[in-house]
Amino acid sequence: MVIIKEQDYQRANKTTIMQEKKLHELLLYLSQYSPFYKELFSKRKINIYAIKTLADLALLPTTSKDDLQQRNDDFLCVPIEKVFEYTSTSGTLGSPVTIALTENDLDRLALNEYNSFLCADGSSNDIYQLMLTLDRQFMAGIAYYSGIRKLGAGIIRLGPGVPSLQWETIQRLNPTAIVAVPSFILRLIQFAKESGININDTSVKKAICIGENIRNTDFSLNILGKKITEAWNIKLYSTYASTEMQTAFTECREGRGGHYQPELLIVELLDENDQQVGPNEAGEVTITTLGVEGMPLLRYKTGDICMYHDEPCACGRTSLRLSPVMGRKKQMIKFKGTTLYPPALFDLLNEREDILDFVIEVYSNEIGLDQVLLYLLPSEESEECDHRIRAYLQARLRVSPHIKYLSAEEIQKKQFQELSRKPIKFIDRRG
């Protein structure tokens, strides 16, 4: 046991030395080529040569989503002719932000997802059916595609939606894995039941779940994860990433958090005073990209609230792991004295058999207080169903949100608005 601890210590020390070297290279690079950071360093009188250790990161200011939105072009560190591809954020918390990638950045993105698929028990023997957007400047689509290519596995580029086509393709081409939004996997299961398809008799054995939580913060499956695995005997792997960080945290077979890739990223979890929190404490995920050429970021606050765990994983990896996203800082709802985050509401709504689908909308009333409107697709249109749903929400939330019932077609239009690349289940109209 002592030998293992010593090995872990030496490995951690090597990782720290590697990250500090890459951090120094990044600071030099930003001071030379980034209009935004050059100005920031000058205004704050920052001596980049005084930043020698990871602990010294605390001496540097953070970067926000507002900075990226307001001064997007000033983050570009290369001439236009070196930009190989333009991607953009989804605009969940405001106007979309463009992230420009060089050819080297695309290679780095492929390495990131190659590592991620390996972590999720992927191999060259797999065939992945991609049930996600592969155009519309969506970085995730090109990232998964590139990572699977580097892995040497098979790829079926089918795109999102259309359960009938997904099942026809599964039965015809026999993929071993799918990459999909968990709530869409539920739609696949429902379609299979209605169509007499034995889902446990197909080739699919695992799913890479994107965009939505499938676990609680204690790593147990949440309602969404349970509904999938109770109906379909497949292994679920959760993944967390953002366009800005160009890096993913992906689960291994143990399902105990998304594994950190320290060669690609420095991650901090910060409290309200921008101080690092301890293990098992909630903090805002704040990242510094390593090896990014086009638009590197320094201490960028993602807005996502997570916890981290630093004990070695049973899979043998020793780097820290992130919990599922507990909420987004700007999406926190203060409703009639109750603090809510969308993921908690998602769990409540997913739990009910008489709620088939939903969209949550938050807006401000005439005196500036948060109001919650739930667009629901009920299992049946009846007073009894309405009473059950309202009583359930009152009991679980202790407050009564506004409810509007929609048809399946109306819910679909709400979730897939013009140019949307993934289903939108939370709409924030405040401010």
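One structure accompanies this document, and this report is about it.

Rules behind the numbers
- Residues numbered from 1 in each chain as written.
- Predicted model: local features only at pLDDT ≥ 70, side-chain atom pairs only at ≥ 80, totals over all residues.
- Heavy atoms only, no water.
- Helix = DSSP H or I, 4+ residues; strand = E, 2+ residues; numbered from the N terminus.
- Rg over C-alpha atoms; globule rule 2.2 N^0.38 Å.
- Buried < 20%, exposed > 50% of the residue type's maximum accessible area, 1.4 Å probe, protein only.
- Areas by Shrake-Rupley, 256 points an atom, 1.4 Å probe, with all protein chains shown as cover.
- Lys, Arg positive; Asp, Glu negative; His and termini not counted.
- Charge placed at Lys NZ, Arg CZ, Asp CG, Glu CD.
- Core = buried A, V, L, I, M, F, W, Y, C linked by side-chain atoms within 4.5 Å.
- Contact = heavy atoms within 4.5 Å.
- Expected span 1.5 Å × (residues − 1).
- Arc of directions from axis to C-beta.
- Phe/Tyr/Trp six-rings, centres within 6.5 Å; stacked < 30°, edge-to-face > 60°.
- Pairing = 2+ DSSP bridges.
- Polar contact = N/O pair within 3.5 Å; in protein donor to acceptor, adjacent residues only side chain to side chain.
- Axes fitted to C-alpha atoms, helices over the stretch in contact; angles between N-to-C directions.
- Parallel < 35°, antiparallel > 145°, perpendicular 65-115°, else oblique.
- Nonpolar A, V, L, I, M, F, W, Y, C, P; charged D, E, K, R; others polar.
- Salt bridge = Lys/Arg side-chain N within 4 Å of Asp/Glu carboxyl O.

Before going further, it helps to spend a moment on the overall build of the protein. For the protein, the count of helices and strands is 11 helices and 21 strands. Relative to a compact globule of 431 residues, whose C-alpha radius of gyration would be 22 Å, the protein shows 22 Å and is just as compact. Overall, the C-alpha framework of the protein stretches about 70 × 60 × 50 Å when taken along its three principal axes. When each of the 431 residues of the protein is scored for burial, the buried share is 50%. Of the roughly 20300 Å² of accessible surface on the protein, 50% is carried by carbon and sulfur atoms. Within the protein, the 56 negative side-chain charges are centred at a point lying 2 Å from the centre of the 51 positive side-chain charges.

In this section: unusual backbone geometry. Phi is positive for Arg136, close to 55°, though the residue is something other than glycine. Positionally, Arg136 belongs in the loop between strand E3 (127–130) and helix H5 (139–151). For Arg136, a relative accessible area of 46% puts it in the partly exposed group.

Membership of the largest hydrophobic core comes to 49 residues, with the highest contact counts inside it found for Leu27, Tyr37, Phe41, Phe249, Val267, Leu298 and Leu322. Of all the secondary-structure elements, those providing two or more residues to this core are helix H1 (2–33), helix H2 (35–43), strand E2 (98–101), helix H4 (103–119), H5, strand E10 (265–270), strand E11 (283–289) and strand E12 (300–306). Broken down by element, this core gets its largest block of residues, 5 residues, from H1. Once residues within four sequence positions are removed from consideration, Leu322 is found in contact with Phe219, Tyr240, Phe249, Gly257, Gly258, Leu269, Val285, Cys306, Met307 and Tyr308.

On to helix H10 (residues 383–397), then. Taking 1.5 Å per residue as the helical rise, H10 with its 15 residues ought to reach 21 Å, and the 21 Å between its terminal C-alpha atoms agrees with that figure. Residues Cys385, Ile389, Tyr392, Leu393 and Leu397 constitute the buried set of H10. Across the axial projection of H10, the buried residues extend over an arc of 100°, all falling on one side. Exposed and facing more than 90 degrees away from the buried side of H10 are Glu383, Glu384 and His387. A positive phi of about 70° marks Arg398, the residue just after H10.

The subject of this paragraph is helix H6 (residues 163–173). Burial in H6 covers these residues: Pro163, Gln166, Trp167, Thr169 and Ile170. Angular distribution of buried residues about the axis of H6 spans 160°; they occupy a single face of the element. Directly after H6, the chain includes Asn174, whose backbone phi takes a positive value near 55°.

Once that is clear, we can look at the packing of aromatic side chains. Overall, the coordinates contain 11 aromatic pairs when judged by the stated rule. With 5.0 Å between their ring centres and 90° between their planes, Phe36 and Tyr37 make a pair best called edge-to-face. In this pair, the class of Phe36 matches that of Tyr37, namely buried. Judged by centre distance (6.1 Å) and plane angle (75°), the rings of Phe117 and Tyr144 are edge-to-face. Remark: Tyr144 occurs in helix H5 and Phe117 occurs in helix H4; sequence separation between them is 27 residues. In terms of burial, Phe117 and Tyr144 fall into one category: buried.

Before going further, it helps to examine the sheet that holds E12. In spatial order, the strands read E10-E11-E12-E15; together these 4 strands make up an open sheet with antiparallel pairing. The two strands at the open ends of the sheet, each matched to only one other strand, are E10 and strand E15 (327–328). Taken together, the 2 bridges between E12 and E15 define a ladder with antiparallel strand orientation. Paired with Ile305 across the two strands is Gly327, which belongs to E15.

For the rest of this paragraph, the subject is the side chain of Ser116. Its place among the elements puts Ser116 in helix H4. Given the relative accessible area of 4%, Ser116 is considered buried. In terms of polar contacts, Ser116 uses its side chain to reach the side chain of Thr250, at 3.2 Å. Not counting the four nearest positions on each side in its chain, Ser116 is found in contact with Ala248, Thr250 and Gln261.

Let us look at the side chain of Thr202. Secondary-structure assignment places Thr202 in the loop between helix H7 (182–195) and strand E6 (206–209). When near neighbours in sequence (up to four residues on either side) are disregarded, Thr202 contacts Trp167, Ile170 and Trp232.

A separate point is the pairing of E12. Burial of E12 is extensive: 7 of the 7 residues sit out of reach of the surface. Summarising the sheet, E11 and E12 pair through 4 bridges and their orientation is antiparallel. Looking at the pairing, Glu284 lines up with Ile305 of E12.

Between helix H8 (residues 223–231) and helix H9 (residues 342–351), the least distance of the axes is 8 Å, while the angle of their chain directions is 40°. Between H8 and H9, the interaxial angle falls into the category oblique. Across the interface between the two elements, Ile223, Leu224 and Lys227 of H8 pack against Asp347, Asn350 and Glu351 of H9. Taken together, the residues that form the contact of H8 with H9 break down as 2 nonpolar, 1 polar and 3 charged.

Moving on, we come to the environment of Leu130. Among the structural elements, Leu130 can be located in strand E3. For Leu130 and Ile155, which are 25 residues apart along the polypeptide, the C-alpha to C-alpha distance reads 7.3 Å. The contact partners of Leu130, leaving out residues within four places of it in the chain, are Tyr144, Tyr145, Ile148, Ile155, Ile156, Arg157, Leu158, Gly159 and Val179.

A side chain of one charge can pair with a side chain of the opposite charge if their charged atoms are brought near each other. Scanning the entire structure with this criterion turns up 25 salt bridges. Residues Lys21 and Glu25 are paired through a salt bridge, measuring 2.7 Å at the closest nitrogen-oxygen approach. With Lys21 and Glu25 both in helix H1 and 4 residues apart, this pair spans about one turn of that helix. Judged by its relative accessible area of 54%, Lys21 falls in the exposed class. Close ionic contact of Glu39 with Lys43 constitutes a salt bridge, the shortest N to O distance being 3.2 Å.

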